[in-house]
Amino acid sequence: MTDSGSSSPSDPSSGNDPCVPPSEAAADAVVLDAKGLRALAHPVRVQLVGLLRKNGPSTATRLAERLGVNSGTASYHLRQLAAAGFVEEDTERGNARERWWRSVHQSTWFNDPELAVREPEAAMAYLQSVAATYAQRARRALNELQTMPRTWQEIFDMSDWPLRLTPAEAAALHEELRAVVSRYRRDAPHGQESARAPEGAERVSVILHLLPELDGPATPAGTPGPERPTGAETP
């Protein structure tokens, strides 16, 4: 799951959460079908949805400036997203000269392995767009790191842990991590949870990647693994 358009690929921001049934999706989430998957199979559309979810309603011109594209391109992709039901006009803000747009949902779920089989090109394009969006968000945070207050610099983290798991163990790990994240306050424009946040609370992105690496060396039978994680691993 993601809020990038993303969620996963939750997110923007957007998302891909194949272990969770659609019945568990939040009321403000959309579960992708074939039409939605094809509509989001473009990096600009994933980013547009993510920006509207993060910052609230905006115009094609303002969104284009954020993405570094021309307003005509942003306007075209917004119309395509509207046709697929991901965004809609904010008629309370719009006028005859300029349309305002808002996101219809706050998160995206991609739960159907059969859909990925039926639409392999769209599924891959969507997931690659989400992965690129996540990488862009990480780079942005890094670029801003030195100007952040010291308290936020100290909690900034980029870590990975190599594990040797069965598919069932990996699924259990995924569920445990989701349970931990769900205990904390969600962020959304004008959301009730955000409004109740204590003073000093800021938006924090937790981006989860659970990546099978099936080309790695196998562990011989009877060989014990490490007793505890060694910390961050770099390629």
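Remember, predicted model here, so these are calculated numbers, not experimental data.

*Asks:* Give me the sheet that holds strand E4 (residues 100-103): which residues, what numbers.
*Replies:* Reading across the sheet, the three strands line up as E2-E4-E3 and stay open at both edges, with antiparallel pairing between neighbours. Two strands close off the open sheet at either side, each with one partner strand: strand E2 (58-59) and strand E3 (87-89). Both E3 and E4 contribute to a ladder of three bridges, which runs antiparallel. Note that in E4 the partner of Glu89 across the bridge is Trp101. In this fold helix H2 (residues 43-55) packs onto E2, E3 and E4, with an angle of close to 85° to the strand it touches most, E4.

*Asks:* Can you lay out the confidence of the model for the protein for me, pointing to particular residues and giving the numbers?
*Replies:* Per-residue confidence for the protein gives a mean pLDDT of 83, with 78% of residues at or over 70. The weakest mean pLDDT in the protein belongs to helix H9 (residues 192-195) at 70; the strongest belongs to helix H4 (residues 71-83) at 97. For residues 1-25, every residue scores under 50 in pLDDT, and the model assigns this stretch 134 contacts once sequence neighbours within four places are set aside. Overall, residues 225-235 carries pLDDT values under 50, and its contacts beyond four positions in sequence, including any with other chains, amount to eight contacts.

*Asks:* Go over the environment of Ala84 with me, naming the residues and quoting the values.
*Replies:* Turning to its location among the elements, Ala84 is positioned in the loop between H4 and E3. Among the residues examined, Ala84 registers a relative accessible area of 21% and is labelled partly exposed. C-alpha of Ala84 to C-alpha of Arg38: the two residues are 46 residues apart in sequence and 9.2 Å apart in space.

*Asks:* Residues and numbers for the nonpolar core, please.
*Replies:* Core analysis: the biggest nonpolar cluster contains 27 residues, and Leu37, Leu78, Phe86, Val87 and Tyr126 have the highest contact counts within it. Breaking this core down by element, the ones donating at least two residues are helix H1 (34-39), H2, helix H3 (60-67), H4 and helix H6 (120-144). Examining the composition of this core, we find that six residues originate from one element, H2, more than from any other. Those residues within four positions of Leu37 in sequence are excluded, and the remaining contacts are Leu32, Phe110, Leu115, Glu119, Ala122, Ala123 and Tyr126.

*Asks:* Kindly report on the packing of aromatic side chains, identifying the contributing residues and their values.
*Replies:* What describes a pair of aromatic rings is the distance from one ring centre to the other and the angle between the planes of the rings. Evaluation of the coordinates by the stated rule reveals one aromatic pair. Ring geometry for Phe110 against Tyr126: centres 5.9 Å apart, planes inclined by 80°, an arrangement best described as edge-to-face. Linking Phe110 in the loop between strand E5 (107-109) and helix H5 (113-118) with Tyr126 in helix H6, this pair joins segments that are 16 residues apart in sequence. We classify Tyr126 as buried; its relative accessible area is 0%.

*Asks:* Describe the pattern of salt bridges, listing the residues and the values that go with them.
*Replies:* Under the counting rule described, the total for this entry stands at nine salt bridges. Asp28 is the salt-bridge partner of Arg186, the closest N and O atoms lying 3.6 Å from each other. Of this pair, Arg186 sits in the loop between helix H8 (167-182) and H9 while Asp28 sits in the segment before strand E1 (29-31); the two residues are 158 residues apart in sequence, bridging distant segments of the chain. The exposure class of Asp28 is partly exposed, given its relative accessible area of 28%. Between Arg102 and Asp90 there is a salt bridge, with the nearest N and O atoms lying 3.4 Å from each other. With Arg102 in strand E4 and Asp90 in the loop between E3 and E4, the pair connects residues that are 12 residues apart, well separated along the chain. Exposure remark for Arg102: the relative accessible area of 29% places this residue in the partly exposed category. Connected through salt bridges with shared partners, the residues Glu88, Asp90, Arg93 and Arg102 form a single ionic network.

*Asks:* Explain the side chain of Ser58 to me, using residue names and the numbers behind them.
*Replies:* Looking at the secondary structure, you find Ser58 in strand E2. Setting aside its immediate chain neighbours within four residues, Ser58 contacts Leu52, Leu63, Arg99, Trp100 and Trp101.

*Asks:* Kindly report on the pairing of E4, identifying the contributing residues and their values.
*Replies:* Inspection of the sheet shows E2 paired to E4 by two bridges, in the antiparallel sense. Bridge pairing links Thr59 to Trp100 in E4.

*Asks:* Residue-level account of the packing of H2 against H4, with values.
*Replies:* Remark: H2 packs on H4, axes separated minimally by 10 Å, with the N-to-C direction vectors making an angle of 80°. As judged from the angle between their axes, H2 and H4 are roughly perpendicular. Touching Val44, Arg45, Leu48, Val49 and Leu52 of H2 are Ala74, Tyr76, His77, Leu78, Gln80 and Leu81, all from H4. Taken together, the residues of the contact of H2 with H4 break down into eight nonpolar, two polar and one charged.

Conventions we followed
- Residues numbered from 1 in each chain as written.
- Predicted model: local features only at pLDDT ≥ 70, side-chain atom pairs only at ≥ 80, totals over all residues.
- Heavy atoms only, no water.
- Pairing = 2+ DSSP bridges.
- Helix = DSSP H or I, 4+ residues; strand = E, 2+ residues; numbered from the N terminus.
- Contact = heavy atoms within 4.5 Å.
- Axes fitted to C-alpha atoms, helices over the stretch in contact; angles between N-to-C directions.
- pLDDT = per-residue confidence, 0-100.
- Buried < 20%, exposed > 50% of the residue type's maximum accessible area, 1.4 Å probe, protein only.
- Core = buried A, V, L, I, M, F, W, Y, C linked by side-chain atoms within 4.5 Å.
- Phe/Tyr/Trp six-rings, centres within 6.5 Å; stacked < 30°, edge-to-face > 60°.
- Salt bridge = Lys/Arg side-chain N within 4 Å of Asp/Glu carboxyl O.
- Parallel < 35°, antiparallel > 145°, perpendicular 65-115°, else oblique.
- Nonpolar A, V, L, I, M, F, W, Y, C, P; charged D, E, K, R; others polar.

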